[in-house]
Amino acid sequence: MFLERTDDSYFKWEGYMVMKANSIFNAIRQGLLICNSQGQIVFFNQIYGEFIGVRLQDVRGQLITDIRPGSRIPEVLKYHRPIENILRNENGQEYFASIYPLIENDIVNGTISLVTTIGQIEEHVSKDVRPLCERTREFEKKEILRAVALYGNTLEGKKMAAKSLCISLASLYNKLKD
């Protein structure tokens, strides 16, 4: 059953959804910015606030170009097309940004932007300094062990595992030995 707007429970539901949305947006590890169709700041999450060095309550309603003069949000609003994975460097901050138009009933109501700093990317880059051949051997062995666990440790199971991995039975045995 849909709630009527005059129903008090609708407003409770709407408030609950706003609380949930804030929790979701603040759980995202990238900076998230929402602007309206005029390019005014409507919302940004905590990560984005830390990135630009201001609090949402201090800039809500201001034009994003007043805060970030190089912003490409006006371009997305004008042409109704997303701009994805652009490398930016502003005030010594290097980051990737993707900006998407928020379209409803063929009308652009604003934009949503995701910002990932180079530091965030570096956090996810493997810190494993072993040679590639060692990491490859380890990966192959794990995949073989998974396949053997799936098909069974019998000769027939190992044949099926080798076939599923597109390797010979001899290769399977040799790689398990290493």
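The structure this text deals with has already been given above.
What you are looking at is a predicted structure, and each value in this text was computed from that prediction instead of being measured.

Thresholds, definitions, all that
Residues numbered from 1 in each chain as written. Predicted model: local features only at pLDDT ≥ 70, side-chain atom pairs only at ≥ 80, totals over all residues. Heavy atoms only, no water. Buried < 20%, exposed > 50% of the residue type's maximum accessible area, 1.4 Å probe, protein only. Helix = DSSP H or I, 4+ residues; strand = E, 2+ residues; numbered from the N terminus. Arc of directions from axis to C-beta. Contact = heavy atoms within 4.5 Å. 1 Å grid on protein atoms, 1.4 Å probe; cavity = no way out; pocket = protein on both sides within 12 Å on 5 of 7 lines; lining within 4 Å. Points joined across faces, edges and corners; volume = space filled by probe spheres on them.

Draft legend 1. Structural context of helix α8 (residues 155-165). Gly157, Lys158, Ala161 and Ala162 are the residues of α8 that are buried. What you see down the axis of α8 is that its buried residues fit within an arc of 135 degrees, all on one side. Packed against the buried residues of α8 are α7 (132-151) and α9 (169-177). Two residues or fewer after α8 comes Cys166, characterised by a positive phi angle close to 60 degrees.

Draft legend 2. Examining empty space enclosed by the protein more closely. Summed over the entire model, instances satisfying the criterion amount to one cavity of 30 Å³ or more. Estimates place the volume of the largest cavity at around 130 Å³. If you go around the largest cavity, you meet 14 residues; those closest to its centre are Tyr48, Ser71, Tyr95, Ile99 and Val115. Elements supplying a minimum of two residues to the lining of the largest cavity: β3 (83-90), β4 (93-104) and β5 (107-117).

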